[in-house]
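# Remarks on the overall topology
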Amino acid sequence: MYVLLVLVGALSLCNAFPNGAPKAACVNMTPHHIYFNLTRVQAQTTPSPYSVTVASNLYTAGGTVKVQIVGPQFEGFLLQARHNGNTGPVGSFSNPPTNTKAVTCTSGSDSMTHANPNAKQNITLTWTAPTDARADVMFIATVAQVKNVFWLNNKSPMVTLAQGHQKEGNHV
Ligand SMILES: *[C@@H]1O[C@H](CO)[C@@H](O)[C@H](O)[C@H]1NC(C)=O
Ligand SMILES: *[C@@H]1O[C@H](CO)[C@@H](O)[C@H](O)[C@H]1NC(C)=O
């Protein structure tokens, strides 16, 4: 039950109720809003007014990267770090800014989302790389300006794993 509630939280961009498998939203990052006439709300096809920026184009295993969603005020979002071409999140988030929270798609706090529909702008998120990091990542976000108006695939530039700085694994 706990896991279900957390996944529903990740799905509920702008307080709409999800429809469909919670895991699917973790992969497709789509809110699955439904209009009263039962057609599905589609993502915007215009160029996104949002960009996802990173404070560094390099990261180290176990290190942190600051990630910002830049653009006009918005209500909802879902953001993850991913390896290029993969659909699973990598690493974890901490220190959620006001009106946001970390949620779990596959393992602890691997995704960030809104905690309420209050206006947010230019929020900065804190990502920690896995200690066994092995490949470059990018940050990808769905951003809902208001309910039913959202853009998928807002991507950061690639963040490269710094070579020669990987930490040794823990020998417990
Ligand atoms: C369903 O409702 C939405 C929002 O009012 C509208 O944009 C859309 O065209 C409607 N679709 C159909 C098939 O009536
Ligand atoms: C958000 O960032 C944009 C682009 O850097 C800037 O123009 C805008 O003033 C910022 N707004 C706030 C509220 O920080």
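Per chain, residues are indexed from 1 in the order of the written sequence. As they are written, the chains are lettered A onward and the ligands numbered 1 onward, keeping that order. Only residues with pLDDT of at least 70 get local features here, since the model is predicted, and only at 80 or more are side-chain atom pairs given and counted; chain-wide, interface and lining totals rely on the full set of residues. Heavy atoms throughout the structure, all of them, feed into the side-chain values; hydrogens and water do not.

A separate point is the sheet that holds strand E8 (residues 124-128). Ordered by their spatial adjacency, four strands build an open sheet running E1-E3-E8-E5, and the pairing between neighbours is antiparallel. At either end of the open sheet lies a strand with only one pairing partner, and these are strand E1 (51-54) and strand E5 (92-94). Pairs of neighbouring strands in the sheet enclose a mean axial angle of 35 degrees, with direction left out of account. Note: two strands are recorded as paired if DSSP finds a minimum of 2 bridges between them. Every helix listed is a DSSP run of H or I at least four residues long, and every strand listed is a run of E at least two residues long, numbered separately from the N terminus. Here E1 pairs with strand E3 (residues 64-70) via four bridges, running antiparallel. Pairing of threonine 53 across the sheet is with glutamine 68, part of E3. Between N-to-C directions, angles cover 0 to 180 degrees, with each direction set by a line fitted to C-alpha atoms, over the stretch in contact for helices.

Any cysteine sulfur atom paired with another within 2.5 Å is treated as part of a disulfide. Under the defined criterion, the tally for this structure stands at one disulfide. With its sulfur 2.1 Å from that of its partner, cysteine 26 forms a disulfide with cysteine 105. Between cysteine 26 and cysteine 105 the disulfide shows an S-S torsion of about -80 degrees. By sign, it is left-handed. One end of the pair, cysteine 26, is in helix H2 (residues 22-28); the other, cysteine 105, is in the loop between strand E6 (100-103) and strand E7 (111-114), and 79 residues separate them in sequence. Comparing cysteine 26 with cysteine 105, the two get one shared label, buried. Type-normalised accessible area, obtained with a 1.4 Å probe on protein chains alone, sets the label of each residue: buried when under 20%, exposed when over 50%, and partly exposed for intermediate values.

Surveying the vicinity of ligand 2 reveals the residues Val70, Gln121 and Asn122. N or O atoms within 3.5 Å of each other form a polar contact, as long as, within protein, one can give a hydrogen and the other can take it, and as long as residues adjacent in sequence are counted only when both atoms are side-chain atoms. For ligand 2, an oxygen atom lies 2.3 Å from a polar atom in the side chain of asparagine 122. Burial of ligand 2 by the protein chains amounts to 30% of its free accessible area of 360 Å². In this text, near means that some heavy atom of the residue lies within 4 Å of the molecule or strand in question. All accessible areas in this document rest on Shrake-Rupley with a 1.4 Å probe, and a residue is counted as covered only by the protein chains that are shown.

Right, let's talk about the packing of aromatic side chains for a bit. Side-chain rings of Phe, Tyr and Trp (the six-membered ring for Trp) are treated as a pair once their centres are within 6.5 Å; stacked means planes under 30 degrees apart, edge-to-face means over 60, and tilted covers the remaining angles. Within the structure shown, the criterion is met by five aromatic pairs. Judged by centre distance (6.0 Å) and plane angle (65 degrees), the rings of tyrosine 50 and tryptophan 151 are edge-to-face. With a gap of 101 residues between them, tyrosine 50 in the loop between H2 and E1 and tryptophan 151 in strand E10 (residues 149-155) connect regions that are remote in the sequence. Judged on exposure class, the residue tyrosine 50 and its partner tryptophan 151 are both buried. Each ring, one from phenylalanine 74 and one from phenylalanine 77, has its centre 6.0 Å from the other, and the planes form 85 degrees; the classification is edge-to-face. An identical accessibility class is assigned to phenylalanine 74 and phenylalanine 77; each is buried. Through a chain of ring-to-ring contacts, the aromatic side chains of Tyr50, Phe74, Phe77 and Trp151 assemble into a single cluster.

Moving on to unusual backbone geometry. Of note in the backbone geometry, serine 109 takes a positive phi value of approximately 50 degrees without being a glycine. Relative to the helices and strands, serine 109 resides in the loop between E6 and E7. Of the residues examined, serine 109 reaches a relative accessible area of 27% and is grouped as partly exposed. Phi at asparagine 153 is positive, roughly 60 degrees, even though this residue is not glycine. You can see asparagine 153 is positioned in strand E10. A relative accessible area of 51% means that asparagine 153 is categorised as exposed.

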